[in-house]
Structure formats: structure tokens, C-alpha cells
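# Results of the structural survey
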Amino acid sequence: MEENLKSDEPRKLFDEFSVPSYEEWRAEVDRLLKGAPYDKIMLTKTYEHITLNPMYRRQDIEGMEHLKSLPGTFPFVRGNDAAGYFGNMWDISQEIPLITAREFNEALLSELNRGQTAVNIKLDKLSRIGLNPSEDNKELIGEDGTSISSLKDLETALNGIFVEHIALNFNAQLSGFAIFAMLKAYFKKHSYDISRLNGSLGMDPLGYLAENGSLPEDIDTYYKQIAEMIKWAKDNCPDFRILKINTHCYHNAGSGAVEETAAGFNTALEYMRELSKYGVEIADIAKSLHFSVSIGRMFFIEIAKLRAGRMVWANIMKEMTDDEEAQKMRVYARTSEWNKTKFDPYVNMLRTTTEAFSAVIGGVENLHVGPFDEGIRISDEFSRRISRNTQIILQEECHFDQLIDPAGGSYYIEWLTEALAGKIWDQFALTEDNGGLIAELKDGKIFERINLVWEQRLQNMNKRKDVFIGTNMYPNLTEEALDTEKAEAEKAKEQVLKEFKLSNKTHKIETSEKTEEAFENGLTIGEIEKNKTEDLTVTPMPFRRAMDHFEKLRQAVEKSERKPTVYLANTGRVNQYKARADFSQGFFQVAAFDVIYGKSFQTPEESAEAALESKADIVVICNIDPNYPEIVPPFAKKIKEENPEIILVLAGYPKAQIEDHKKSGVDEFIHVRANNYQMLKTWAEKLGAVL
């Protein structure tokens, strides 16, 4: 057996066949296409304005400079560390969006005992902007995170956690100065070594501005706070990053990889320009920030986005500093929120799995895999376990912990990395030429570019070119909705209010030491005085979910007193009508229309009679194009004479026959290029659904 394995026999088998040239392959493809245009059938256009070929060869990547680099070396396209994930695993940094600090702590201890490797405290919307919980803002308590308003809350959240030995990550956004002071007070009170503080604070006023359109305080107030914290952290806890460059708002507005990534770099450069005015060195700013990005549904583009991002960022920073650590793009990633669906939510597990795969192959340092019920309810223990275990499987069963740049050398990914890097650089440079991030946010140019991509996405989703299983394709009409547990959430909010206690003092921020002392004496986050805001407003990035409009349409139909009814009129042999009848059934079930799959009849008149007896609102004629000239006229005549209110639809779009069928009485045509959403919405509203 060993002798056979060592023999040259396998090599001889290959040698018996000549290696086909590209020209030979192309000639064979053209033959199989039978005259159909190669560019239309075989090439794919992306939302990044990149045209993908069906095949890539060594010649496609010849001359690319980044191919000469090694992992851990400039421009870091192959990873920031020479050993990849060997001995330096990415952090399993799962968010736990439970409302109270106590609930969060109990869940966190459980998660850490079951494979999570970093603490990720996602603050609720109130805590992020420095407001206390109250009856007046009760609806925002625990909204999208945990309520942390005092040192006592932080102590509860971190109880039992070995904070000197694990990364602590926050999304402080606007309240970073207060959270950092609170964290320092916590370390001091418990005699922990602050120099061992590791992780990130996540302060990002520019990200908040882009997402919300305005700031509650003057922007310079935040710059001053960030500058002071970076200087302090450099001397006392150099492994704790202060800034988070959050690109989720651009991603969730519908952008492509280019707009999202370029906006992140423009944001970082804006911080560098402003913070340097307060005496902070560029290298220190770069080493105190990390990028927080969303990983979307396009598997290879997301891998290439991360690799291209590192390359572009390294080149930007090389122009500003010789410090190699400052040239490295450190990434915290989370699976996309934009593409998750409320219907058939278990499909979200599959979506997050491919996104996590992309993130790891792309080389992220921290990763959150969204639970399948994220966006529907506060995720329960089961959904959190599945998302956490997705990462553990990638590490322990797929052995991605033993990889160094697994995408390196792939002709396709290397080509795509180079193409994306060029697009990202051009977009980044264009924004800088236009005055920078804030200038483009103010005049709406970033929004306009992203909105163009969104409109393209919307058209493709509505026509089902972009498929979302379980929502705009193959809906599961027998599924049971997930329990949203609103009563439990209300109880948790009441608990927050019950335990909340004001210090009855106000605090004006002067130094971090004084703010730290104030928190030691019971200060709450909302008692910090706010500076007067400047008149800075920008065009905000709207939060959009891909299938939101489809979901609302289906929900409106399901709530209707009488759902629209569709009858599929089948004539002749099964092989003549079944394909289009099945297509039509799925087409209408997207909006939860009731579909009657009619039996086959031998004559159009018999089929029309059955359709009339069904009392259906919509009747669909299903057959093959060559048979329609004989079927449609008598069928349509009988239907329209006896009930002209019936909406008569033809399955298919036989171009040469269209006008004749319209004259016969056909009202509409459904086919693979039809706008599924718009047609269903029009019919649903006409038949009584309230959207």
C-alpha cells in the first residue's frame, strides 16, 4: 500500500492529459452558451462596482505588490501577526444584551465557563449617552444593552470576573469619559493593577453623529475627553484602547464594502486631526483605536474587505508615522444585523455561520456572532449558546486556530483584495478632497452614495435577485412566532428603576481623577453636567433591515379579516403546468396569500369553471408558452364575462404574445424578473390589507 502511495502513478495519470489553455476553455464555454452573451451570463457585478469573472488564474494576480509580503509585515494584508492565530486566538467576544447588571453578570459567568474568552459589555442607549434611567425614559432602559449608570452597577456586572486576566470591552460611545472613570474607580476600590487593564472603551462621538444626526454636547468636549484618556492610558494601561471606529451605521444603512470601510478610515483621520490639536501623537491615537465592523452576507467580499482594509490602513498610516504597531488595523467584528429576518428566524443561524467564517478567514481579533433571535427579542440562553458555539466549533473542530492567512494564494481572493483596496482608497481620498468626514456628512454626500447602493439592493430584493430564504423566497407559512417575552423585559426595567439611586449631586468634568472620585462617592452617569451643544447637524444614516418591508407586508395580510385567495389554473399534462404552478405558489405565499393549487383539466373552459367556483380573488393561468395562444383566449373570456373583478394573471412572460394576452383580458404577468414585492403590495392593498 505504501509503495503504491509513493509511486509516480498518480502523476502519470495527469501527464496523459494536456493542460487546456484559457482560450480553449473560453471556446467551450461559448459553445455551451449557444449564442447567449458571455458577459451577461458569466460575469457578476457587485455593489462595489467590481465585475467578477467566473474563473481566476495566476496571470490575474501577477505584479501585485502585496503578494511579496509575509504575515505580520507591511502592509499586513496577510495578517497583523506572523503566527496568525497560533498562540494568539481571536477573542470570542459575545454581547449579552440583558437589561439589568445582575442578569448580565449571571449570564456572563455562565458564558465564560462555556467558552467565551472576553467580556463585552454592551451599554443600553441611555448609558451610552450619559443619561440616568427614569420613568420618563423607561422605554429606553435596557434598549439594545445593559443599564450601567453607577459604580455599583459596574461592580454588579463584573462581580466574580478576573478583570486583570481578561479583556474588557465596552461600547461607551458618548459616555466614555464617565465609564473610564468608573472603571478606574472599580480597579482602585478592589486593589486591582490598572496596568493590566486590557480591552477597549469604545468611545465614538463621530459614529454617534453619523448614526443620529446630532450630538448632545459640543464636539470639542468629546475630543478633549478622548485626548486626556489616551494620554492617561498610554502611561497607565497601554493595552486598553479608548477609541472605537464604528462602521456599523454605514453597513446597516445598506452600504457596500467600499463605502463602509472608507467611511471608517475617514472617521479615524478626523479623530487624528482633531486630537493632535490637544498634543496627542498620531502613533498614540492609532494604537488607541480599533475598528468595529459588520460582516455581511457576501462570503468572499467580506474576506477581501478585511484584507484590503488592513492594506489601505497600513498605507494611510505609513504616510503619518513609522511606528509599525500604529500601522496595524485592529478589528472587532460582529455579524450583520442588516440581513437578519424575523420570519423563519432559524435561518439566521446559517447566515451568522457563513459571516463568522468570513470574519475568521479575514483575520479579525475579536468577534461577536449574533444570536438568531437578535432584533426580535432579548436573546435567550439557547440562542446565545448557539452563537457562542459557532465560534467554538470554528476553533476546536474546524481548527481555524491553527491557520496563518488561509486566504493567501487564492487567485480569486487575492485579485478581489487588490480590487477592493483600490476602490476603498479612491473613496477615502475623494471624501478627504471634499473636506473630510464631517463635511460630507453635513452636505449629505455619504448618505447619497450609500442610498444609491441601497436602492440597487432594494430593487434586487424586490425582484428576488437577492434571495432571503424564508422571507422573499420559500416562506414557511406554518411557523410559530418566537415568544418576545415583553413581560420579563418590563419586570427588568422596573428592577432597574427600583435599585437606581441618585447621589443628589451634580458634577462638572474637569479631570478624570476628580470624576473617578465622584463615582467613588456615589455619582451617577446622568448627574454629570452637559456642555451646551453646538449647532452641528448632519444627514443621519438610517437603520435598515433588508426584509423589513416584506415582513410588514406579510404581517398586514395575515392580520386582514380575509386574506387574498389565489387559484392556480392548470390545464393539460403535469410536465406542462407544474413548473409554473409551483413558481406561482411560492410567488404569492411570500405575502401569505392563500393559494389553491387547482387540479388539471383537459380544456380551458373546464379549468375556468373550476377557477370561478373557487371564489378566488386572483386566478393564475399556468402552462408553457407554446400552449398559451390556445388556452388564454377561451379561459380569459369565460372568467371576465362571469366575474370581471377577478385579477387574471399569466405565469410567464412570452414577449411575442403579451399584447394578444392583454387584449384577451390578462391583467398581469408574473415571472422571475417581476417585482414580487410591488405586485403583491398592490394586490394586497386592493383586496383590503392595511399596510
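Keep in mind that what you see is a predicted model, and the values were worked out from it rather than measured. (Residues numbered from 1 in each chain as written. Predicted model: local features only at pLDDT ≥ 70, side-chain atom pairs only at ≥ 80, totals over all residues. Heavy atoms only, no water.)

## Side note on the overall build of the protein
A count of helical and extended segments in the protein gives 27 helices and 15 strands. Compactness check: the protein gives a C-alpha radius of gyration of 29 Å against a globular reference of 26 Å for 691 residues, within 12% of the reference. The long-range fraction of contacts in the protein, counting pairs at least 24 apart against all pairs at least 6 apart in sequence, stands at 75%. For the protein, the accessible area works out to roughly 31300 Å², and carbon and sulfur atoms hold 51% of it. Taken together, the 85 basic and 111 acidic charged side chains of the protein have centroids lying 3 Å from each other. (Helix = DSSP H or I, 4+ residues; strand = E, 2+ residues; numbered from the N terminus. Rg over C-alpha atoms; globule rule 2.2 N^0.38 Å. Contact = heavy atoms within 4.5 Å. Areas by Shrake-Rupley, 256 points an atom, 1.4 Å probe, with all protein chains shown as cover. Lys, Arg positive; Asp, Glu negative; His and termini not counted. Charge placed at Lys NZ, Arg CZ, Asp CG, Glu CD.)

## What to know about the side chain of glutamine 173
Tracing the chain through its elements places glutamine 173 in the loop between strand S5 (168-170) and helix H8 (176-189). Since its relative accessible area comes to 8%, glutamine 173 is described here as buried. Once you skip the residues sitting within four places of it in the chain, glutamine 173 turns out to touch Arg128, Gly202, Met203, Asp204, Pro205, Tyr208 and Glu211. (Buried < 20%, exposed > 50% of the residue type's maximum accessible area, 1.4 Å probe, protein only.)

## A word on the nonpolar core
Leu168, Tyr250 and Trp313 are the most contacted members of the largest nonpolar core, which totals 129 residues. The residues touching tyrosine 250, leaving out its near neighbours within four places in the chain, are Ala210, Ser255, Glu260, Ala263, Thr267, Leu437, Leu441, Ile446, Ile450 and Met541. One finds Leu568, Tyr577, Phe588 and Ala651 within the second-largest nonpolar core, a separate group that totals 57 residues. (Core = buried A, V, L, I, M, F, W, Y, C linked by side-chain atoms within 4.5 Å.)

## Regarding the domain arrangement of the protein
Per the domain assignment, the segments making up the protein are domain 1 (66-483) and domain 2 (547-687). The distance between the C-alpha centroids of domain 1 and domain 2 comes to 47 Å. Contacts between the two partners involve 17 residues from domain 1, matched on the other side by 19 residues from domain 2. Three residues stand out in domain 1 for area buried against domain 2, namely Phe343, Asn462 and Arg464, and they jointly supply 39% of the buried area on that side. Our count for the contact surface shared by domain 1 and domain 2 stands at one salt bridge. As a salt-bridge pair, arginine 554 and glutamate 479 come within 3.4 Å of each other at their nearest N and O atoms. Along the lines of polarity and charge, the residues of the side of domain 1 that touches domain 2 split into seven nonpolar, six polar and four charged. (Domains from an automatic or database assignment. Buried area = accessible area lost by both parts, 1.4 Å probe. Salt bridge = Lys/Arg side-chain N within 4 Å of Asp/Glu carboxyl O. Nonpolar A, V, L, I, M, F, W, Y, C, P; charged D, E, K, R; others polar.)

## Some words on the packing of aromatic side chains
Under the criterion given, the structure shown has 29 aromatic pairs. Look at phenylalanine 187 and tyrosine 192: their rings are 5.6 Å apart centre to centre, the planes differ by 70°, and that puts the pair in the edge-to-face class. A relative accessible area of 1% places phenylalanine 187 in the buried class. The exposure class of tyrosine 192 is partly exposed, given its relative accessible area of 29%. (Phe/Tyr/Trp six-rings, centres within 6.5 Å; stacked < 30°, edge-to-face > 60°.)

## Focus: the pattern of salt bridges
The final tally for this structure, using the stated rule, is 50 salt bridges. For glutamate 95, the salt bridge identified is with arginine 334, shortest N-O distance 3.2 Å. Note that glutamate 95 is positioned in the loop between strand S3 (91-92) and helix H5 (101-112) and arginine 334 in strand S9 (residues 331-335), a separation of 239 residues in sequence. In this structure, glutamate 95 and arginine 334 share a single accessibility class: buried. Within this structure, Glu95, Lys122, Arg128, Asp144, Arg334 and Glu374 form a network of salt bridges that share partners.

## A word on the packing of H5 against helix H7 (residues 151-158)
It is at 7 Å that the axes of H5 and H7 come closest, and there the two elements cross at 20°. Comparing their axes, H7 and H5 come out roughly parallel. Of the two elements, H5 crosses H7, and the hand of that crossing is right-handed. Of the residues in H7, those in contact with Ala101, Arg102, Phe104, Asn105 and Leu108 of H5 are Asp153, Thr156, Ala157 and Leu158. For the contact of H5 with H7, a count of residues per class yields five nonpolar, two polar and two charged. (Axes fitted to C-alpha atoms, helices over the stretch in contact; angles between N-to-C directions. Parallel < 35°, antiparallel > 145°, perpendicular 65-115°, else oblique. Left-handed = near helix turned anticlockwise from the far one by under 90°.)

## Some thoughts on the sheet that holds strand S10 (residues 366-368)
The strand order across the open sheet built from eight strands is S3-S10-S9-S8-S7-S6-S5-S4, with neighbouring strands paired in parallel fashion. Of all strands in the sheet, those bounded by a partner on one side alone are S3 and strand S4 (119-121). For S9 and S10, the ladder comprises three bridges, and the chain directions are parallel. Among the inter-strand pairings, alanine 333 is bridged to a residue of S10, identified as leucine 367. Packing against the sheet, helix H10 (residues 219-236) makes contact with strand S6 (199-203) and strand S7 (240-246), and its axis sits at approximately 140° to S7. (Pairing = 2+ DSSP bridges.)

## With respect to a positive patch on the surface
Residues Lys40, Lys465, Lys655 and Arg673 make up a contiguous surface patch of positive charge. With respect to the helices and strands, the residue arginine 673 is situated in the loop between strand S15 (668-670) and helix H27 (676-686). (Patch = residues over 30% accessible without salt bridge, like charges linked within 9 Å, V, L, I, M, F, W, Y side chains within 5 Å.)

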